[in-house]
Every structure is written in structure tokens, then in C-alpha cells.
Amino acid sequence: MRIANWKDYELIDATCGERLERWGDIVLIRPDPQIIWETKRESPLWERAHARYIRSSSGGGHWQIYKAHPNVWQLRYKALSFQVKPMGFKHTGVFPEQAVNWDFVSDKIRQSKRQMNVLNLFAYTGGATLACLHAGAKVCHVDASKGMVQWAKENAALSRLQDRPVRWLVDDCIKFVQKEKRRGKQYDGIIMDPPSYGRGPGGEVWKLEEQLYDLCGLCSSVLSPNARFFILNSYT
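An account of the accompanying structure is given in this report. Just so it is clear, the structure is predicted and the values come from calculations on it, not from any experiment. (Residues numbered from 1 in each chain as written. Predicted model: local features only at pLDDT ≥ 70, side-chain atom pairs only at ≥ 80, totals over all residues. Heavy atoms only, no water.)

Concerning the overall build of the protein
Along its length, the protein carries five helices and 14 strands. Its C-alpha atoms give the protein a radius of gyration of 19 Å, near enough to 18 Å, the size a compact globule of 236 residues would have. Projected onto its principal axes, the C-alpha coordinates of the protein cover approximately 55 × 40 × 30 Å. Taking all 236 residues of the protein together, 48% fall into the buried category. (Helix = DSSP H or I, 4+ residues; strand = E, 2+ residues; numbered from the N terminus. Rg over C-alpha atoms; globule rule 2.2 N^0.38 Å. Buried < 20%, exposed > 50% of the residue type's maximum accessible area, 1.4 Å probe, protein only.)

In C-alpha cells form, the structure reads like this:
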């Protein structure tokens, strides 16, 4: 099944709590608790996958390697390029379903006919940041993980966007927005994809069910009068 306008990603099959996916030339099997149906596994690629993520009964898990493949490889989505790799907790560094939002914000930015100022919180490896930069926006990219921010910078370089107007910040998202409010900063678009649980660079604890409402209210205070979008994703 094609998702958005991907050519390098494909959801091949999904059943019995797992999804079979093609990431470029690499085929992976990953668990997904939302796949509660059980159907026949018709694709031969179930038996030819390069790797499968096996959950541990005590939490976390590991990748079981079936066929040799690169530790890191690249995917393209339209003009954007990403590094992907099998990571802990089943992820690869890209959430392909978010391409729908990338296309949405790109259209809004281009339609505005001005340089929009966009804030991307919990910005991960930068998919939305790259889409906004490519469409002509200025972006403030904020994530608590230094490693994720570095990965996003590398994706920007792969996409030849490293010279576009972007601030790469390792910071706690709540504290950052509070500082922006005090500075009187405003944004024409805000994107956030908060985890259910996380820690900031200073050990700050984030719990989605306890803090999301206040963060949304705080973000509304830094939206410009002519803001074009406010996107909230919640994977969990």
C-alpha cells in the first residue's frame, strides 16, 4: 500500500500484530499493537525480510537479522532525503505516514506568498523541518535529544537544505516555548509530535497525559495573528 507520495517506502502487508514494510531496497518486519486482525500472509517477502524486530517480555526488544543489509541507508521523498537505520524500540528514524503533513505544510507555506516562521517541537530527525525549509519557510527546530538534532542536520545536508534559514536547538520544549513567549516571538505555524513520555536535556520529565493541554495553551500564545496551521501528532 502506497502512503502519500512515497516511492522509497511501501507498506506491503499487515497482520497478526506485525507490519511488513519496504524501506528502499530493505524489507523489515516490525510489531504494531494496532494490527489486531489475523489474515493469511500472502506476500513471499514475509519469508525474505532482511530483519525483524522482536519485542522482549520485559520491555524493549532487539532486531533479528535474517539477511545482510547496510547499517544506514537513504530514502527519498520528493526532493527530501533521509538517513534511516534500524533503531531500538523498532523505529528507523522516519515516520512515513507523516508525509501527508509534510505536503500539507508545504502547500500552506507556498500559498502564503511570504516567508513564514515555523516552530517544530519534538522535531525528531527533521522530516517536517525539511519540508518547511524546502517550501521557503524559516524554521526553529527543537528537540531534547542532541543525537536527534544532529541526525536532522545530516538529513538537511543530504537534502541540500543546510544553508536555509533554520535554528537547530537542543532544549526542553516547554521551557523553550516559555522563553519565546517572554521574548515576544511569534510563529506562523507550529508543528509538534510529542512522545507519551520523555526527558529533556536537563532531566526534565515529560508526561503527555499531564502536560499536553498546558503546552498547547502555551503554544497558542506564540502564534501570530496570521498563523496558517497548528499541527499536533500523537503516535501513542
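Thoughts on empty space enclosed by the protein
Taken as a whole and assessed by the stated rule, the structure comprises one cavity of 30 Å³ or more. Considered as a void within the structure, the largest cavity measures approximately 230 Å³ in volume. Taken together, 22 residues form the lining of the largest cavity, with Gln98, Trp102, Gly127, Ala128 and Asp193 sitting closest to its centre. Of all the secondary-structure elements, those providing two or more residues to the lining of the largest cavity are helix 1 (99–112), strand 8 (117–121), helix 2 (127–135) and strand 11 (189–192). At three residues, helix 1 tops the list of elements feeding residues into the lining of the largest cavity. Taken together, the residues of the lining of the largest cavity break down into 13 nonpolar, eight polar and one charged. (1 Å grid on protein atoms, 1.4 Å probe; cavity = no way out; pocket = protein on both sides within 12 Å on 5 of 7 lines; lining within 4 Å. Points joined across faces, edges and corners; volume = space filled by probe spheres on them. Nonpolar A, V, L, I, M, F, W, Y, C, P; charged D, E, K, R; others polar.)

Digging into the nonpolar core
Within the largest apolar cluster, 37 residues are counted, with the highest numbers of intra-cluster contacts made by Trp6, Trp102 and Val118. Considering every element that reaches this core, the biggest residue donor is helix 2, with six residues. Here Trp6 is in contact with Leu75, Arg76, Tyr77, Phe82, Val94, Pro96, Ala99 and Trp102, once residues within four sequence places are set aside. (Core = buried A, V, L, I, M, F, W, Y, C linked by side-chain atoms within 4.5 Å. Contact = heavy atoms within 4.5 Å.)

Observations regarding unusual backbone geometry
Phi is positive for Cys16, close to 55°, though the residue is something other than glycine. Positionally, Cys16 belongs in the loop between strand 1 (9–15) and strand 2 (18–23). Phi at Tyr124 takes a positive value of approximately 55°, unusual for a residue other than glycine.

Quick notes on the packing of aromatic side chains
The tally for this structure, following the rule as stated, stands at nine aromatic pairs. Ring-pair connections join several aromatic residues into one group, and the members of that group are Trp6, Tyr9, Trp23, Tyr77, Phe82 and Trp102. Just above the ring of Trp46 sits the side chain of Arg41; from NZ or CZ to the centre is 4.0 Å. The ring of Trp151 is capped by Lys85, whose NZ or CZ atom sits 4.8 Å from the centre of that ring. (Phe/Tyr/Trp six-rings, centres within 6.5 Å; stacked < 30°, edge-to-face > 60°. Lys NZ or Arg CZ within 6 Å of the ring centre and 35° of its normal.)

Focus on the sheet that holds strand 10 (residues 166–170)
Strand order in the open sheet formed by five strands is 10-9-8-11-14, with parallel pairing between adjacent strands. For this open sheet the edge positions go to strand 10 and strand 14 (229–232), each flanked by a neighbour on one side alone. Direction aside, neighbouring strands of the sheet carry axes that sit 10° apart on average. Relative to strand 9 (residues 138–143), strand 8 runs parallel, the two sharing five bridges. Bridge pairing in strand 9 places Leu119 opposite Cys140. Against the sheet, helix 2 makes contact with strand 8, strand 9, strand 10 and strand 11, and its axis sits at roughly 170° relative to strand 9, the strand it touches most. (Pairing = 2+ DSSP bridges. Axes fitted to C-alpha atoms, helices over the stretch in contact; angles between N-to-C directions.)

As far as function goes, none of this settles anything; it's purely spatial.
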